[in-house]
Amino acid sequence: AQTVTQSQPEMSVQEAETVTLSCTYDTSESNYYLFWYKQPPSRQMILVIRQEAYKQQNATENRFSVNFQKAAKSFSLKISDSQLGDTAMYFCAFMNGYSGGGADGLTFGKGTHLIIQP
Amino acid sequence: GAVVSQHPSWVICKSGTSVKIECRSLDFQATTMFWYRQFPKQSLMLMATSNEGSKATYEQGVEKDKFLINHASLTLSTLTVTSAHPEDSSFYICSAATGTSGNNEQFFGPGTRLTVL
């Protein structure tokens, strides 16, 4: 079974700063997917970014980027030019991959509460 | 696109009663739906996976006779909490996936808050 570890329960930075959230995982699988989800106070889960394990290039989505270190089983999220609206819980998640595609259930880390200060 | 709804958004019930929560994919067909549970200030825990027309697969430690899951169509899955007790009070979230090859993104519903008195 896979595990996902987020070691930072809470982080606080000033608006416009850059912040990095850490995530490590453990799996014996070679084909898998990694995700970062944002959960604001509304509790709606929002996909921030995803990474396929077979891709060496780190995923980027506007101000959000990841540092995927497969050998170290590390998957950190960097938020540049942080905004007040980025304040939320952030969850790192793992999903097994299948050769035929499709989806499997997600294993989530415990989350990091990110607070952006004005 | 890719909208998932849940109904109700909040339900309060008495101990011993059963509660049904619906999860619908509004603009796509979901071959697979997932049910998660989130306690206050905690992470999401996968409860079960349901495929349309098949029996649900439950995670270890989840009582299948207590949490009944039905996925009767490609757009609807239901979770019934039978004989609910206060310890079942939680936030229940569903997600849906199209299941097409290479597309493994899950789309989440807004969640249902269950309070058992």
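Right above here is the structure, for reference.
Below, the structure is looked at part by part. (Residues numbered from 1 in each chain as written. Chains lettered and ligands numbered in written order. Predicted model: local features only at pLDDT ≥ 70, side-chain atom pairs only at ≥ 80, totals over all residues. Heavy atoms only, no water.)

## Section: the nonpolar core
Residue and element names in this part refer to chain A. Test applied: Buried Ala, Val, Leu, Ile, Met, Phe, Trp, Tyr and Cys residues that are joined via side-chain atoms within 4.5 Å together make up what is termed a nonpolar core. Exposure is judged per residue with a 1.4 Å probe applied to protein chains only, and the accessible area is read against the type maximum: over 50% gives exposed, under 20% gives buried, and values in between give partly exposed. Per the convention used, a helix needs a DSSP run of H or I reaching at least four residues, while a strand needs a run of E reaching at least two, with both numbered from the N terminus. For this analysis, residues touch if any pair of their heavy atoms sits within 4.5 Å.
Ranked by internal contacts, the top residues of the largest apolar core, which has 26 residues, are Y25, W36, F75, L77 and Y90. Those elements that provide at least two residues to this core are β2 (10-14), β3 (19-21), β5 (32-39), β6 (46-52), β8 (64-69), β9 (74-79), β10 (88-96) and β12 (112-117). It is β10 that contributes the most residues to this core, four residues altogether. If we skip the residues at most four places from it in the chain, Y25 touches T3, V4, Y32, L34, F68, Q69, K70, K73, S74, F75 and F94.

## Details of the packing of aromatic side chains
Put simply, the rule is: Note on ring pairs: Phe, Tyr and Trp rings are taken, using the six-membered ring of Trp, and paired if centres are within 6.5 Å. Classes follow the plane angle, with under 30 degrees stacked, over 60 edge-to-face and the rest tilted. Here, a charge over a ring is recorded when the distance from Lys NZ or Arg CZ to the ring centre is within 6 Å and its angle to the ring normal is within 35 degrees.
Following the criterion strictly, the structure yields 14 aromatic pairs over all chains and no others. Ring centres of Y37(A) and F108(A) lie 5.9 Å apart, and the angle between their planes is 55°; this geometry places the pair in the tilted category. With Y37(A) in strand β5 and F108(A) in strand β11 (residues 107-108), the pair connects residues that are 71 residues apart, well separated along the chain. Ring geometry for Y36(B) against F108(B): centres 5.7 Å apart, planes inclined by 40°, an arrangement best described as tilted. Of the two residues, Y36(B) sits in strand β4 (residues 32-38) while F108(B) sits in strand β10 (residues 106-108), which places them 72 residues apart along the sequence. In terms of burial, Y36(B) and F108(B) fall into one category: buried. What links up through ring pairs into an aromatic cluster is the set F35(A), Y37(A), F91(A), F108(A), Y36(B) and F108(B). A cation over a ring is seen here: R43(A) above F91(B), with NZ or CZ 4.0 Å from the ring centre.

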